[in-house]
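Each chain, written out:
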Amino acid sequence: MADGEMTFPTLKIPEIVSCSEELRVPMTEDDIKNPQPQVIRKVLEMYLELFLNLNADDIKQPTFEAMMIDYPQLHEDSVPLLVKNAAMGLMLRACGIMDFSMHDVIKPQSKRIKKILSAIINFAKFREMQMASIDQLLEERDMLLNEQATLEQDVDQKALEVQTIRDERAADAPRVAQLEEDCKELLLKITELNNEQAGLQGEVRAIKDQITDVTDQASKVVFEVQSVQQECNQMRSQIVQSPERIKKEIVRMGTNVEQEKSSLAAAEHRARDLAHRVEMVHATHSDLEKCCKSITDVGNEMEKLKDAKQEIDVLQEEISSEKQQLKDITAAEQQLKRQIAMTQDRILRTVNQYDMKRDASAQSIETTRKERERLAAERQKCADMTKENQIYVQQVNEKISDARSQHAMEMDQLRSEHSGLLQQIQRYHTDLENTMMAN
């Protein structure tokens, strides 16, 4: 078996005839037992129309001027014949006959024709089985169309969601930018306030320490004043009273008290200033807490924006994937549509062509068969004439042989007579010369 050649069963002649009838290619057992070039060529041309939708009208003449042929009229019949033979070779290679040549058509042999027709019928059955899968392809196409419609709806919905998110993002962009600017300003302000708070906390601690010291001193002074008053009361009861001395002592003590009061008033004034500054620090701390809260809110908004961006990226990836799937499905659908359209067109054209040309093909085969019978009769007549001619030639040859023999005998006799005449002439010349010499 040649490389690449497929194996198939060789059918019997009745099976080939029956299957050919089913394929609307009429032929008889005698066409296989005693194959004739015209019949075999016609049968193969009908199979070409069945498998390749190629008939004599579809084979167009090439432009001989472009081929630079001197006498294109000499190739008007040969070129279509070569195209048909090439198409037959292509068809039979697809059927598993790799060694098909023009010799199979010009000088067909019964065994070889059985093999070729068996291969064609085997391929026709395989083709019929494959044609039965068109319904499955149609169902797959419908499923793919439904899936495509669903994916298109999903893509449209995702596109709307993405567009909505983009619009919201575009609408929030100024506010986000403003919040970012506010955050930057607040961060700078918070840094300054933190630095100022750190300095004020040191001053507050120092003022608190001074207030504590002044309060302790004031407490000591009050305690001393009370102690002095108690001592004065005790001493009043013990000593002789001297108005002048008492007055001086009172004046001195009053002066001390006034001084202590002045110191206490100054300390209270400083304490009020420090309390006011502490209140300012607390207010600043409250503002700082509000700023921190605003920063936290801005951070949360930024996190939401990041999440929204991530969702947009995920949606874009899903849309890209779905678009790719839709593209693949569309390509598969287009391919299925083309295959189905080609198959349906071939089926329609095949049915129409074979319905119209079946009778013509049968009539052509019948005409070819009658022509073959006429040629066979003429051949028999020629054979009889040839036989008669051979007998006549044999008789003529015999007559020629007899004539040659008779001619040879006559020539021998003529040569003998000629020789005798020459001798007589020689003798006559000799006698004449002798006579003339004697005279």
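Residues numbered from 1 in each chain as written. Predicted model: local features only at pLDDT ≥ 70, side-chain atom pairs only at ≥ 80, totals over all residues. Heavy atoms only, no water.

(A) Structural context of the side chain of Arg41. With respect to the secondary-structure elements, Arg41 resides in helix H3 (residues 37-52). Look past the residues within four positions of Arg41 in its chain and what remains in contact with it is Leu81, Asn85, Met88 and Val105. (Helix = DSSP H or I, 4+ residues; strand = E, 2+ residues; numbered from the N terminus. Contact = heavy atoms within 4.5 Å.)

(B) Looking closely at the packing of aromatic side chains. Taken as a whole, this structure holds two aromatic pairs when the rule is applied. Consider the rings of Tyr47 and Phe51, whose centres lie 6.0 Å apart with planes at 25 degrees: the pair is stacked. Note that Tyr47 and Phe51 are positioned in helix H3 at a spacing of four residues, about one turn of the helix. Taken as a pair, Tyr47 and Phe51 share a single burial class, namely buried. Between Phe51 and Phe123, the aromatic rings sit 5.2 Å apart at their centres with planes inclined by 90 degrees, giving edge-to-face as the arrangement. Here the residue Phe51 occupies a position in helix H3, and Phe123 occupies one in helix H7 (residues 110-131), the gap between them amounting to 72 residues. For Phe51, a relative accessible area of 7% translates into the label buried. By relative accessible area, which is 22% here, Phe123 ends up partly exposed. Members of the aromatic cluster, each reached through a chain of ring pairs, are Tyr47, Phe51 and Phe123. (Phe/Tyr/Trp six-rings, centres within 6.5 Å; stacked < 30°, edge-to-face > 60°. Buried < 20%, exposed > 50% of the residue type's maximum accessible area, 1.4 Å probe, protein only.)

(C) Empty space enclosed by the protein, seen in detail. Counted according to the given criterion, the structure contains three cavities of 30 Å³ or more. Of the volumes computed, that of the second largest cavity is approximately 40 Å³. For the lining of the second largest cavity, the per-class residue count stands at six nonpolar, no polar and no charged. (1 Å grid on protein atoms, 1.4 Å probe; cavity = no way out; pocket = protein on both sides within 12 Å on 5 of 7 lines; lining within 4 Å. Points joined across faces, edges and corners; volume = space filled by probe spheres on them. Nonpolar A, V, L, I, M, F, W, Y, C, P; charged D, E, K, R; others polar.)

(D) Focus on H3. In this model H3 runs 21 Å from its N-terminal to its C-terminal C-alpha over 16 residues, within 8% of the 22 Å that 1.5 Å per residue would give. In terms of burial, H3 is largely enclosed, as twelve of its 16 residues are buried. (Expected span 1.5 Å × (residues − 1).)

(E) Region of the structure containing the pattern of salt bridges. Applying the stated rule across the entire model yields seven salt bridges. Residues Glu45 and Lys84 are paired through a salt bridge, measuring 3.0 Å at the closest nitrogen-oxygen approach. A residue pair is termed long-range when its members are at least 10 positions apart, and Glu45 in helix H3 and Lys84 in helix H5 (residues 78-95) qualify at 39 residues. Like Glu45, the residue Lys84 is buried in the burial classification. Taking the shortest distance from any N to any O, the salt bridge between Arg141 and Asp142 comes out at 3.9 Å. For Arg141, a relative accessible area of 23% puts it in the partly exposed group. Here Asp142 falls in the partly exposed class, since its relative accessible area comes to 37%. A single salt-bridge network, built from bridges that share partners, covers Asp99, Asp104 and Arg112. (Salt bridge = Lys/Arg side-chain N within 4 Å of Asp/Glu carboxyl O.)

(F) The arrangement of the nonpolar core in detail. Grouped together as the largest cluster of nonpolar side chains are 34 residues, with contacts concentrated most on Leu44, Tyr47, Met91, Phe100, Leu117 and Ile120. Put simply, the parts of the chain that give this core at least two residues each are helix H1 (13-22), H3, H5 and H7. Looking at which element gives the most residues to this core, the answer is H3, with nine residues. In terms of nonpolar packing, the next biggest core, distinct from the first, is built from five residues, Val162, Ile312, Leu315 and Ile319 among them. (Core = buried A, V, L, I, M, F, W, Y, C linked by side-chain atoms within 4.5 Å.)

(G) Region of interest: a nonpolar patch on the surface. On the surface, a cluster of nonpolar side chains totalling about 330 Å² of accessible area is made up of Leu81, Leu82, Met102 and Ile106. Examined against the element boundaries, Leu81 turns out to sit in helix H5. On the basis of relative accessible area, Leu81 is assigned to the partly exposed category, the value being 30%. (Patch = residues over 30% accessible without salt bridge, like charges linked within 9 Å, V, L, I, M, F, W, Y side chains within 5 Å. Areas by Shrake-Rupley, 256 points an atom, 1.4 Å probe, with all protein chains shown as cover.)

(H) Molecular detail of unusual backbone geometry. The phi angle at Arg24 is positive, at roughly 65 degrees, despite the residue not being glycine. Within the secondary structure, Arg24 sits in the loop between H1 and helix H2 (29-33). For Arg24, a relative accessible area of 32% corresponds to the partly exposed category.

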